[in-house]
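Summary of the model geometry
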There are 2 protein chains.
Amino acid sequence: MKATIYDIAKEAGVSIATVSKVINGKGRISADTRSAVFAIMERFDFQPSVIASALTGKKTFTLGLLVPDVSNPFFAEIARAIEDQGHQLGYSVVMCNTDNKDEKIERYISLLLQKSVDGIIIATGIEKKEILEQLLVKNLPIVLIAREMPLVAVETVVVDDYAGGCLAAAHLLELGHKEIAILAESQKVSSSRERMRGFRQTMEDAGVAFNEKWLKICDYKVEDGRINTLDLLSEDSRPTAIFCCNDLLAVGSLQAAKELQINIPSDLSIISFDNTILASVTNPTLTTIAQPMEQMGKLAVDLIVEHIKGDKKAKQRTVFRPELVIRESTALHTTILQ
Amino acid sequence: MKATIYDIAKEAGVSIATVSKVINGKGRISADTRSAVFAIMERFDFQPSVIASALTGKKTFTLGLLVPDVSNPFFAEIARAIEDQGHQLGYSVVMCNTDNKDEKIERYISLLLQKSVDGIIIATGIEKKEILEQLLVKNLPIVLIAREMPLVAVETVVVDDYAGGCLAAAHLLELGHKEIAILAESQKVSSSRERMRGFRQTMEDAGVAFNEKWLKICDYKVEDGRINTLDLLSEDSRPTAIFCCNDLLAVGSLQAAKELQINIPSDLSIISFDNTILASVTNPTLTTIAQPMEQMGKLAVDLIVEHIKGDKKAKQRTVFRPELVIRESTALHTTILQ
DNA sequence: TTGAAAGCGTTACCAT
DNA sequence: ATGGTAACGCTTTCAA
């Protein structure tokens, strides 16, 4: 059996109250008692039970993390950043893969609640805002990362998706592209919507019309990118560039182009979003809009911990600046053969 | 405040014992009482506290998962499989990134113990076998996945790394390669060691000598693969094929070859190990030895849950068969120009 | 079929 | 400086 404070107290000839105090460094305890108790704890390899401690109203030092899918490199990198900082601050993180399904989300939240996590970091899209509101009512610290719920007052950490879209468009425009297609995720996803909005606005501002038939709404996987790009490129009039709303879709585009023997970037430029490991691994490597995933994850944890500690009541929305990372998948539009 | 069984009991006009029984479906409760209590729980949005329940000696329904780094696609995919099956069986998983550092491992284990997890799944290399032994003594269910500790009696789920190495060598040999280099991870990692052993044995059996100067021991990241390959390819006599002990290293090799304008696979074949998403995303795509990550993760969870439930005492070592997945990075060795 | 009460391992308040 | 004890929310045994 594991040792308890009773064992330690008995061995040290003191009360459990005293042991508790030395564990927590509270109250006034003589140096002698303190060191004696420490020695015995050491000898017994004593680890205080977080469970019992939590029951008395203290924290569980556990955070819930909702992501659509950790096997998606973007969320894997976010998860890593969050776990790192959580660990740094003394919190464990429980990982939950939601597949963006509201019913799974509700089940996970219910489980996390039963386990009395101290807060939940949400990186998954939620359709029903009621789910979030119910959480907020319970006064449970919540932070949204890489997702938005504009109608709900909740702490939020995002990249400026709109600006990212603008950056992408500006880059393509600068290279002389005018016939541009967009591969976007479901428009239920706020980030995807904003990226597209920024992109289109920048085109419009530049006086370049966007051809609606070149807008493809896909799921978020490589295969979706591939199929939709195949579709796009098999028509008579082709775009000279494609903006993919994330790296996974861009990988699919790359594959499609390769199948059709279309050379990237000389025949077709591709720009993507996220800058996960994938963007640096493809051939050609992907020009992409980078999100500072590590900083975002770290901030999300810092914020939630501040709320947990009660140091903070005001909710903020922190927007990081995205950055254009130029690699090999984009090039000047050459009109020679057109 | 959250509702407790006391609230429910009071409202229902019964004792907390009765409420507890209906929650757990234990003892004999009249249908009337049962449904009345259920109705009230519903109305109060009551969620029993796992914390309090755990304190009475029941399970926490939480598993610890130790991985070197979730942002490594291999472990991300393993983590996803484990979390899925865990959730399926009612367990949450606490993710821990160890960076393969024994000191971080010890700290994580200590934390998981304080939180009374029901078991720990270990996918990270551990140098000091004492760490594991101490855990086993505590009678805490442990499963090793994708790692081995031959000297410790612990439930283990692995792929046959040796056979995988053989498969890789056989493929290269069949393609006519004889000048083969190996990029391996630290030899402290059992899987890497075994892969190499199988590979070399197969070469030897085929009467092809392995040139020791073509063995590069690296870390596990893309950059390590790149540097070491650059090194390898900048000497006067070059190998015609490289066996990379994981996909990340292979990506690095691909990059190095590209920098040196060496064409894959016509000038140099590359074969790797794992078959993560990366293998299908590079250009050329990677011929690789696939591990059934999903099945392995699922089995690891099934096994640990059996131990938790006490249905099982014997420890087994389950070895999955790896599979050769031929893609574009390997080709016949052409002697024309040699 | 139901309930009273002890117990799980801590914390915190109030005494001493 | 230290200790007694109630309380946290639940499970379980034993009795009624």
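Here goes a summary of the coordinates provided. Note that the structure is a prediction, hence the values are computed from the model and not measured.

Turning our eyes to something else, we now look at the interface of chain A and chain B. Chain A puts 55 residues into the contact, and the matching count from chain B is 55 residues. Regarding the contact of chain A and chain B, the summed buried area is about 4600 Å², with carbon and sulfur atoms giving 56% of it. The interface formed by chain A and chain B contains eight salt bridges. Here D45 of chain B makes a salt bridge to K138 of chain A, at a shortest N to O gap of 3.4 Å. At the level of secondary structure, the elements contributing two or more residues to the side of chain A that touches chain B comprise helix 4 (50–55), helix 5 (73–88), strand 2 (92–97), helix 6 (102–114) and helix 11 (247–259) of chain A. Split into classes, the residues belonging to the side of chain A that touches chain B amount to 25 nonpolar, 16 polar and 14 charged. Of the strand pairs in this sheet, strand 2 of chain A and strand 2 (residues 92–97) of chain B are connected by three bridges, and their pairing is antiparallel. Within strand 2 of chain B, the residue paired with V94 of chain A across the bridge is V94 of chain B.

Time to look at the protein's contact with DNA strand D. Every one of the 28 residues lining DNA strand D counts as a neighbour, but T18, R28, S30 and T33 of chain A together with I5 of chain B are closest to it. The protein-proximal atoms of DNA strand D, defined as those within 4 Å of the protein, are 64% sugar or phosphate. Within the backbone of I5 of chain B, an N or O atom sits 2.5 Å from a phosphate oxygen of DNA strand D. The contact in question runs from a base nitrogen of DNA strand D to an N or O atom on the backbone of A52 of chain B, over 3.3 Å. In terms of residue count, the dominant contributor to the surface near DNA strand D is helix 2 (residues 16–24) of chain B (four residues). Classifying every residue of the surface near DNA strand D gives twelve nonpolar, twelve polar and four charged.

Bringing the sheet that holds strand 6 (residues 180–185) of chain B into the picture now. All names here are of chain B. Taken in spatial order, the six strands of this open sheet run 7-6-8-9-10-12, and their pairing is mixed. Of all the strands in the sheet, the pair left with one neighbour each is strand 7 (215–218) and strand 12 (323–325). Taken over all neighbouring pairs, the strand axes of this sheet differ in orientation by 20 degrees on average, direction set aside. Strand direction decides the pairing type here: strand 6 and strand 8 (residues 241–244), joined by four bridges, are parallel. From the neighbouring strand, I182 faces strand 8, where its bridge partner is F243.

Residues and elements named next belong to chain B. Judged by how many residues are buried, strand 9 (residues 269–274) sits mostly within the fold: six of six residues are covered. Pairing of strand 8 with strand 9 involves three bridges; the strand directions are parallel. By the bridge assignment, I242 is partnered in strand 9 with I270. Where the polypeptide runs from strand 8 across helix 11 (residues 247–259) and back to strand 9, its parallel neighbour, the crossover connection is right-handed. Looking at chain direction, strand 9 and strand 10 (residues 287–290) are connected through four bridges and run parallel. If you follow I271 over to strand 10, its bridge partner there is T287.

Reading guide: rules and limits
Residues numbered from 1 in each chain as written. Chains lettered and ligands numbered in written order. Predicted model: local features only at pLDDT ≥ 70, side-chain atom pairs only at ≥ 80, totals over all residues. Heavy atoms only, no water. Contact = heavy atoms within 4.5 Å. Buried area = accessible area lost by both parts, 1.4 Å probe. Salt bridge = Lys/Arg side-chain N within 4 Å of Asp/Glu carboxyl O. Helix = DSSP H or I, 4+ residues; strand = E, 2+ residues; numbered from the N terminus. Nonpolar A, V, L, I, M, F, W, Y, C, P; charged D, E, K, R; others polar. Pairing = 2+ DSSP bridges. Near = heavy atom within 4 Å. Polar contact = N/O pair within 3.5 Å; in protein donor to acceptor, adjacent residues only side chain to side chain. Axes fitted to C-alpha atoms, helices over the stretch in contact; angles between N-to-C directions. Buried < 20%, exposed > 50% of the residue type's maximum accessible area, 1.4 Å probe, protein only. Right-handed = clockwise from strand over helix to strand, strands pointing away.

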